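Structure at a glance
Listed here are the chains, written in short residue letters.
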Amino acid sequence: MLDKKIAQKIADEVMNTLGYNINVMNKNAIIIGSGLPERLGTFHETAMFAIRHSVTCEVTEEEAKKLQGVKPGINMPIVDKAGDVIGVVGITGDPDEVRNIGKLVKMTAELIIEQQETMNRFYTHRNDKEIFLNTLISEQRTISEEEIRDWGERIGYNMESNRVAVILSFTADYQNSEESMLEKILNQIKQS
């Protein structure tokens, strides 16, 4: 998913590295990331064409004068893993000059989005597991056994396995020792 935070991150990183103005448009052709803050929230006509036809659009100085919210440059669709166009990345400048840079920017944008989606899935899964475990050990059961079984299987637990509760107690002397040692033991327990 392409949101404003990711779009602005793409624009900032590319501009700081390459020095060209970058615009990132959402699937409605609204600029949601840009090196020029005054362009944020404006409609980009060429981006809409690129989205609808899933094509790269090059715009010359002459053509830009005839279009709404457009400057000369190259606009390339951003495609997700499923092959859907989720937005457009545009780089301002003479198309002959920025064409290869545009390809690099498009690839970078798609990689950043993919990385963000992977991280989101990881944290969502981790949070889901934590909520699931807290629900299991809660004294007040709010869901049925069947719902627990379905939920557990959905997040990757074999609900047919026998389980045992373990309570660990550390001596007072051990609690005062080095905290990193306690962290290390707790991490080993979590991984088992």
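Residues numbered from 1 in each chain as written. Predicted model: local features only at pLDDT ≥ 70, side-chain atom pairs only at ≥ 80, totals over all residues. Heavy atoms only, no water.

Let's shift gears to the pattern of salt bridges. As enumerated under the stated definition, the model contains 3 salt bridges in all. We note a salt bridge from D96 to R99, for which the minimum N-O separation is 2.9 Å. Remark: R99 and D96 occur in helix α4 (residues 95–137); sequence separation between them is 3 residues, near one turn of the helix. Residue classification places D96 among the exposed positions, given a relative accessible area of 59%. R99 sits in the partly exposed class, given a relative accessible area of 27%. A salt bridge links E110 to K106, with the shortest nitrogen-to-oxygen separation between them at 2.8 Å. Linking E110 with K106, this pair stays in helix α4, spanning 4 residues, or about one helical turn. (Salt bridge = Lys/Arg side-chain N within 4 Å of Asp/Glu carboxyl O. Helix = DSSP H or I, 4+ residues; strand = E, 2+ residues; numbered from the N terminus. Buried < 20%, exposed > 50% of the residue type's maximum accessible area, 1.4 Å probe, protein only.)

Taking 1.5 Å of rise per residue, the 43 residues of α4 would be expected to cover 63 Å, and the 61 Å separating its terminal C-alpha atoms lies within 8% of that figure. Helix geometry: α4 is bent most strongly at I101, by close to 35°. Burial in α4 covers these residues: P95, V98, G102, V105, K106, A109, I112, I113, E117, F132 and T135. On the buried face of α4, the contacting elements are α1 (4–18), β1 (22–26), β3 (57–59), β4 (73–79), β5 (85–92) and α5 (145–154). (Expected span 1.5 Å × (residues − 1). Bend = angle between axes of the 7 residues up to and from the residue. Contact = heavy atoms within 4.5 Å.)

Packing of α1 against α4 leaves a shortest axis separation of 10 Å and a crossing angle of 140°. As judged from the angle between their axes, α1 and α4 are oblique. Crossing of α1 over α4 shows right-handed handedness. Packed against α1, whose contacting residues are I6, K9, I10, E13, V14 and L18, the element α4 presents I101, V105, A109, I112, I113 and Q116 at the interface. Classifying every residue of the contact of α1 with α4 by side-chain character gives 9 nonpolar, 1 polar and 2 charged. (Axes fitted to C-alpha atoms, helices over the stretch in contact; angles between N-to-C directions. Parallel < 35°, antiparallel > 145°, perpendicular 65-115°, else oblique. Left-handed = near helix turned anticlockwise from the far one by under 90°. Nonpolar A, V, L, I, M, F, W, Y, C, P; charged D, E, K, R; others polar.)

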